[in-house]
Every structure is written in C-alpha cells, then in structure tokens.
Amino acid sequence: LNADKSKPLLNRAIAGTFAPGSTMKPIFALAALQLDLVDPVTSIYSAGFIEVPNVVDPTKKTIFRDWKKHGWVNVRTALAVSSDVFFYAVGGGYENQKGMGISKIEEWANAFGVNSPTGIDLGGEVVGNIPTPSWKERIFKESWRLGDTYNSSIGQFGFLVTPIGLLRTTAAIATNGNLITPKIRLDENGPTIKKVKLAVNDEWYKVVNEGMRMVVTEGTAKNLNSQYFNVAGKSGTAEVGIKKENIQSWIAGYFPYEKPKYAFVFLCSMGVIHE
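S.K.: Pulling in residues and values, what's your account of empty space enclosed by the protein?
M.R.: As enumerated under the stated definition, the model contains 2 cavities of 30 Å³ or more in all. Approximately 70 Å³ is the volume found for the largest cavity. Surrounding the largest cavity, 14 residues form its lining, Gly 113, Val 114, Thr 162, Gly 165 and Leu 166 being those nearest its centre. Approximately 40 Å³ is the volume found for the second largest cavity. Together, Thr 23, Pro 26, Thr 169, Thr 170, Ile 173, Met 212, Lys 234 and Ala 252 line the second largest cavity.

S.K.: Give a detailed account of the nonpolar core, specifying residues and quantitative values.
M.R.: Residues Leu 30, Phe 87 and Phe 112 are the most contacted members of the largest nonpolar core, which totals 56 residues. For this core, the secondary-structure elements that each account for two or more residues are α2 (25-34), β2 (49-53), α3 (75-81), α4 (84-92), α5 (101-111), α8 (163-174), α9 (202-217) and β8 (246-255). By residue number, the principal contributor to this core is α2, which donates 7 residues. Not counting chain neighbours up to four residues away, the residues in contact with Phe 112 comprise Ile 27, Leu 30, Thr 169, Ala 172, Ile 173, Leu 179, Val 196 and Tyr 205. One finds Ala 221, Val 231, Ile 251 and Phe 264 within the second-largest nonpolar core, a separate group that totals 6 residues.

S.K.: So, α2: which residues are in play, and what are the values?
M.R.: With 9 of its 10 residues buried, α2 lies for the most part within the structure. Of the residues making up α2, those classed as buried are Lys 25, Pro 26, Ile 27, Phe 28, Ala 29, Leu 30, Ala 31, Ala 32 and Leu 33.

S.K.: Can you lay out the pattern of salt bridges for me, pointing to particular residues and giving the numbers?
M.R.: For side chains of opposite charge, pairing can occur when their charged atoms come near one another. Under the definition given, this model contains 6 salt bridges. Across the pair Glu 142 and Lys 136 runs a salt bridge whose closest N-O atoms are separated by 3.9 Å. Residue Lys 136 is classed as buried on the basis of its relative accessible area of 4%.

S.K.: Please give an account of the packing of α2 against α5 that cites residues and values.
M.R.: In the contact formed by α2 and α5, the axes pass within 10 Å of each other and the chain directions differ by 120°. Classified by the angle their axes make, α2 and α5 are oblique. Our pair here, α2 against α5, has a crossing hand that is right-handed. Residues Ile 27, Phe 28, Leu 30, Ala 31 and Gln 34 of α2 touch α5, and the partners they reach there are Ile 105, Trp 108 and Ala 109. When the residues that make up the contact of α2 with α5 are grouped by side-chain class, the tally is 7 nonpolar, 1 polar and no charged.

S.K.: Break down the packing of aromatic side chains for me, citing the residues and quoting the values.
M.R.: According to the stated counting rule, one finds 16 aromatic pairs in the structure shown. Where Phe 86 meets Phe 87, the ring centres are 5.2 Å apart and the plane angle is 70°; that geometry is what we call edge-to-face. The same class applies to Phe 86 as to Phe 87, namely buried. Here the aromatic rings of Trp 135 and Phe 157 are separated by 5.4 Å at their centres, their planes lie at 90°, and the arrangement is edge-to-face. Here Trp 135 is found in helix α6 (residues 133-140), whereas its partner Phe 157 is found in the loop between α7 (146-152) and α8, with 22 residues between them in sequence. With a relative accessible area of 12%, Trp 135 lands in the buried category.

S.K.: Pulling in residues and values, what's your account of the environment of Ala 111?
M.R.: Mapped onto the elements, Ala 111 comes out in helix α5. Placed 115 residues apart in sequence, Ala 111 and Ser 226 show a C-alpha to C-alpha distance of 32 Å. Setting aside its immediate chain neighbours within four residues, Ala 111 contacts Leu 179, Val 196 and Leu 198.

S.K.: Kindly report on the sheet that holds strand β7 (residues 232-240), identifying the contributing residues and their values.
M.R.: Taken in spatial order, the 3 strands of this open sheet run β7-β8-β9, and their pairing is antiparallel. One side of each edge strand has no neighbouring strand; the edge strands of this open sheet are β7 and β9 (262-270). Averaged over all neighbouring strand pairs, the angle between strand axes comes to 10°, with direction disregarded. Both β8 and β9 contribute to a ladder of 9 bridges, which runs antiparallel. Residue pairing across strands places Phe 255 opposite Tyr 262, the latter belonging to β9.

Scoring rules and cut-offs
Residues numbered from 1 in each chain as written. Predicted model: local features only at pLDDT ≥ 70, side-chain atom pairs only at ≥ 80, totals over all residues. Heavy atoms only, no water. 1 Å grid on protein atoms, 1.4 Å probe; cavity = no way out; pocket = protein on both sides within 12 Å on 5 of 7 lines; lining within 4 Å. Points joined across faces, edges and corners; volume = space filled by probe spheres on them. Core = buried A, V, L, I, M, F, W, Y, C linked by side-chain atoms within 4.5 Å. Buried < 20%, exposed > 50% of the residue type's maximum accessible area, 1.4 Å probe, protein only. Helix = DSSP H or I, 4+ residues; strand = E, 2+ residues; numbered from the N terminus. Contact = heavy atoms within 4.5 Å. Salt bridge = Lys/Arg side-chain N within 4 Å of Asp/Glu carboxyl O. Axes fitted to C-alpha atoms, helices over the stretch in contact; angles between N-to-C directions. Parallel < 35°, antiparallel > 145°, perpendicular 65-115°, else oblique. Left-handed = near helix turned anticlockwise from the far one by under 90°. Nonpolar A, V, L, I, M, F, W, Y, C, P; charged D, E, K, R; others polar. Phe/Tyr/Trp six-rings, centres within 6.5 Å; stacked < 30°, edge-to-face > 60°. Pairing = 2+ DSSP bridges.

Treat this as a map of the structure, not an account of what it does.
Here you go:
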C-alpha cells in the first residue's frame, strides 16, 4: 500500500493539495468590492476572451480565454456563470478596469486561510500555496508576468488548497468572515472561531453570497438546487500539469442559504498517475 502509485493511505481531505480553480472567485469578488474596484452593478463584457500585447513580441497578442462567451456580467452574475474574463479584469486589470494585482490577491487569499493550517485535531495536515513573484522565481527561475496574475485570479497557476482548507474558506464567506477551527471531537467550549483580519463590509458579503446562491439557482451548479433547503455554492475546474492532463473539479458551498449551518466540499480529480 505504501508503494501504490495511487497513494491509498494519503488522507486527501487534510493532506492532499489540489488546484482550486474558480472556487477562489468569491474571495476575489469580496476583494474587488472592498477595494472599490467595482460596485455591485459594474458590468464587464466577456466576449469569451481578452487580448493583451505579447511580452516577447508586442506586435502580437496573447489571448486569455473564458470558458465561454457570457456577454455583460456584474459581480453577482460573474460568480453565477463563473466568468473568467470578469476576474481577469478585476485581478490583473484590463482596458479601463483597474485590477488588484498579485500582492492583493495574495493578501486576500491569505486572509481567508488558503496558506495556513486549519488546526483540525488530526495529524498530518498540510497547507496550500498562493502563487507570488518570489514563488515563481524560486520554482521556475522566471520573472512574474501579467498573465500569471490573470491565471492566479481564477485560482490556477500555482494555487493549491486542501479540501478541509477550502471548506473553512467557504464557511468563512457564508458567515461574514468567521474562520472556524474544524474539530473531530468538540470540547465543552465548542469550536474556536477567529475573524478574518481584513475589514470587509457586511454589504459585500451579502452581494457575494447572493452571487453564490445564483450559482445554484441559475448558474453552473443547478444540480444542487433542492426543494428541501436552499443551497449556495461555487463550482470550480482546474487543468493541472504541463499537458493539462489532470482535471480537478470542485463544488464548495453551504446551506441553508438564509442561515448557514453546514458547509461542504466535493472534489473529483481525474487524470493519469505518473511515476
């Protein structure tokens, strides 16, 4: 079992790291609102892609694609349909839309626990990773480029999370910034709860959670729309590997939407296992 390439003894919930993809978008939606880069009705047009000058040959264009053409989207609808173009623009900037930049992407991801242990009472927990210029220089010996910021703004490139970490992040968004320490065995004092250190207006949590509810009612996770209770969530898909041979698909969310009590994460990782 220890030699099995599929690693059956690895507790993937706390010690497996995976690319989160668009499940990071609610964090960056909150950031864009709080940093006054957009308001709830600011609309950005997705033609299915954006073009920027190629860094090697400025006479040519580098294309960053959305997964489909969405037309005009605001922060709620961009979450619902998971528009990459919207988050490229608020992440790295595009045309007249100012972006937050990689330093703010790192700051906000850190604030919501992406790169820190949850503190769960199980041994062997690892942490995720947030891509930064220093990380890229260390790993790839290359300088940071605008395209790296674009890819980071949709939860790809060097982003990694554990399922338990993403669960805590999702619960924090549902509860207006409460970072809960997950426990297998509760003591009489109950769970430890810390507040996200960054200041976020409750109004912006409301807007983002409305967008996450729309993900289920009319967006990319309509299969979660239940007649018994209202669910909110965010889907995500990330292509991993040089040849993008591994697909990691997520749905993270919570319910009941009106008064969150339960959070959940589903992950399907499909690909070829290499030695």
